[in-house]
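Structural characterization, general
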Amino acid sequence: MQNQDQEYLLNIVNPILEQLALYLVKEKPDNVTQASIEWLSVTGAQIENGLHHNQHLHNETVESSDDTESDEDDYELYANNPIRPDRASVSAEVYGIYNKKTNFKPKIVAKSHLQIQKIKEKLAQSFMFSELDEHDLRIVINAMEVIQCMKGDIVIKQGDDGDNLYIVDEGTLDCSRSKAGQDSVHLKTYKPGESFGELALLYNSPRAATIVAEENCVLFSLDRGTFNHIVKDAAIRKRERYEYFLAHVELLQELDPYSRSQIADALKSKNFNIGDYIVKEGDEGDIFYFLEKGEAVATKVLNQSQPAQVVYFYKEGDYFGEIALLRQAPRAASVIAETPCTVVYLDRETFKRLLGPLEDILTRNFKKYEKYMN
């Protein structure tokens, strides 16, 4: 085997396959082939982008370096650009070799009490921080900086390296992505409570999109060091868990992996015990649910003189709550947990933004309820 082939296997193929193997061992999916394809299409692709990016930086540096550089200079180079010729350091950002928690010293950025409270509120709305305990949450809050942006400011530029993630406190920002020879395409508008910029930190890849302030904005910024040591592991676990689940939801099969990852980032979860009402007939409906674990039944009062009757059974991967959102009407039925259940859900605004393209499919699927609607 030629040296070039060996480098390709060691620097690109092996890191991805090792991460895939860890994922499969942890999740133990029934269909290994399908689970591998889905993982590779999203997480694997993001890791590969980071590996290629780092290899490109390394090659540029090697080409411009003098052969007589000292070992000390080499150490300085690799400490700042973690791709080295030896196997142990391949994909350092992915494996965390240069981000050991023992070397981490939390930083504290002075903020007012009001700013701290606002940061707490925004973190509670972000999927990445929901798994943190109080101690880690306090470290994150202390490390966050308040960033003021003017209308038109470019916060993130596609293709650039990224060292921070951002949470929107005030204002809106436009997110767009471009391909070679094509105009940029609008992806979404970021609003207060939403976060962006984490992909570059999770997978050490270049910025995937450009984000511009549509108006004067206030952002909370978190540095790479704090993210890597406090947030990263929990964020990756949660993202992979939801991406794997969503890939098996029939409704979402027409969406590309990127769109599903956007839904995964927006999901929140809640647990219910046997007999708990997940939704109640007649209540206002502003939440859309996926049943992640367990079984549930829908009940509806068909005759005012009789108790509610079971009209539908829900299994893992099913969804409900769309009727109230699409028709802007009260809940048409109750949904009750038959077993201990875990649901993941989207609020009305996020549902419209992320699942808008599926509205026709959702409306067509109303037929499964039609005989109970009158």
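Source: prediction; values computed, not measured. (Residues numbered from 1 in each chain as written. Predicted model: local features only at pLDDT ≥ 70, side-chain atom pairs only at ≥ 80, totals over all residues. Heavy atoms only, no water.)

1. Some words on the overall build of the chain
Our working rule: Each helix corresponds to a stretch of at least 4 residues labelled H or I by DSSP, and each strand to a stretch of at least 2 residues labelled E; elements are numbered beginning at the N terminus. Here the term buried applies to any residue with accessible area under 20% of the maximum for its type, exposed to any over 50%, and partly exposed to those in between, with areas from a 1.4 Å probe on protein chains only. The criterion used for residue contact is that any of the two residues' heavy atoms lie within 4.5 Å.
In terms of helices and strands, the chain carries 13 helices and 16 strands. Burial statistics for the chain: of 374 residues in total, 47% are counted as buried. A separation threshold of at least 6 residues defines the contact pool for the chain, and within that pool the share at least 24 residues apart is 75%.

2. Some thoughts on the sheet that holds strand β6 (residues 195-196)
As a reminder, the rule being used: The rule for pairing is simple: two strands pair if DSSP sees at least two bridges between them. Here an angle of 0 to 180 degrees is reported between the N-to-C directions of two axes, which are lines fitted to C-alpha atoms, with helices fitted over the stretch in contact.
With antiparallel pairing, the four strands of this open sheet are ordered in space as β1-β8-β3-β6. Either end of the sheet is taken by a strand with one partner, and the two such strands are β1 (145-149) and β6. As defined by bridge partners, strand β3 (residues 164-170) adjoins strand β8 (residues 217-223) across six bridges and the pair is classed as antiparallel. Bridging across to β8, Glu 170 finds its partner in Val 218. Across the sheet, helix α8 (residues 224-247) touches β3 and β8, and the angle it forms with β8 is around 65°.

3. Points about the nonpolar core
For clarity, the threshold we go by: For the purposes of this section, nonpolar cores are sets of buried Ala, Val, Leu, Ile, Met, Phe, Trp, Tyr and Cys residues that join through side-chain atoms within 4.5 Å.
In terms of nonpolar packing, the biggest core is built from 25 residues, with Leu 123, Phe 129, Val 140, Met 144, Leu 222 and Val 231 touching the most fellow members. Of all elements in the fold, only α5 (113-124), α6 (134-143), β3, α7 (198-203), β8 and α8 reach the threshold of two or more residues within this core. Residues Tyr 319, Leu 325, Phe 351 and Leu 354 belong to the second largest nonpolar core, which totals 22 residues.

4. Some points on the packing of α6 against α8
We apply this condition: In these notes the angle categories are as follows: under 35 degrees is roughly parallel, over 145 is roughly antiparallel, 65 to 115 is roughly perpendicular, and the rest is oblique. In this scheme, a crossing is called left-handed if the near helix is turned counterclockwise away from the far one by less than a right angle; it is called right-handed if the turn is clockwise. The residue classification treats Ala, Val, Leu, Ile, Met, Phe, Trp, Tyr, Cys and Pro as nonpolar and Asp, Glu, Lys and Arg as charged. All others, Gly included, are polar.
Where α6 contacts α8, the axes come no closer than 10 Å and their chain directions differ by 160°. Judged by the inter-axis angle, α6 sits roughly antiparallel to α8. For the pair α6 and α8, the sense of crossing is left-handed. Contacts from Asp 136, Ile 139, Val 140 and Ala 143 of α6 reach α8 at Thr 226, Ile 230 and Val 231. In the contact of α6 with α8, the residues fall into five nonpolar, one polar and one charged.

5. Quick look at the sheet that holds strand β12 (residues 296-300)
Here four strands make up an open sheet; going across it, the order is β10-β15-β12-β13 and the pairing antiparallel. Unpaired on one side and paired on the other, β10 (277-279) and β13 (309-314) mark the two borders of the sheet. On average, each strand axis in the sheet is inclined to that of its neighbour by 35°, with strand direction left out of account. One ladder, built from four bridges, connects β12 with strand β15 (residues 334-337); its direction is antiparallel. In the strand pairing of β15, Ala 298 is matched with Val 335.

6. As for the packing of aromatic side chains
What counts here: Pairing of aromatic rings covers Phe, Tyr and the six-membered ring of Trp, with a centre-to-centre limit of 6.5 Å; geometry is then stacked below 30 degrees between planes, edge-to-face above 60, and tilted otherwise. Note on criteria: charge over ring means Lys NZ or Arg CZ within 6 Å of the ring centre, with the direction from the centre no more than 35 degrees off the ring normal.
In total, this model carries ten aromatic pairs according to the counting rule given. Look at Phe 288 and Tyr 319: their rings are 5.7 Å apart centre to centre, the planes differ by 40°, and that puts the pair in the tilted class. Remark: Tyr 319 occurs in strand β14 (residues 319-320) and Phe 288 occurs in strand β11 (residues 287-293); sequence separation between them is 31 residues. The two residues Phe 288 and Tyr 319 agree in class, both being buried. Residues Tyr 289 and Phe 320 carry aromatic rings whose centres are separated by 5.2 Å and whose planes lie at 20° to one another, so their mutual orientation is stacked. One end of the pair, Tyr 289, is in strand β11; the other, Phe 320, is in strand β14, and 31 residues separate them in sequence. Of the residues examined, Phe 320 reaches a relative accessible area of 2% and is grouped as buried. Connected via pairs of aromatic rings, a cluster forms that spans Phe 245, Phe 288, Phe 290, Tyr 319 and Phe 351. Lys 280 extends its terminal NZ or CZ atom over the ring of Tyr 277, reaching a point 4.8 Å from the ring centre.

From the geometry alone we can't say anything about function, so treat these as descriptive.
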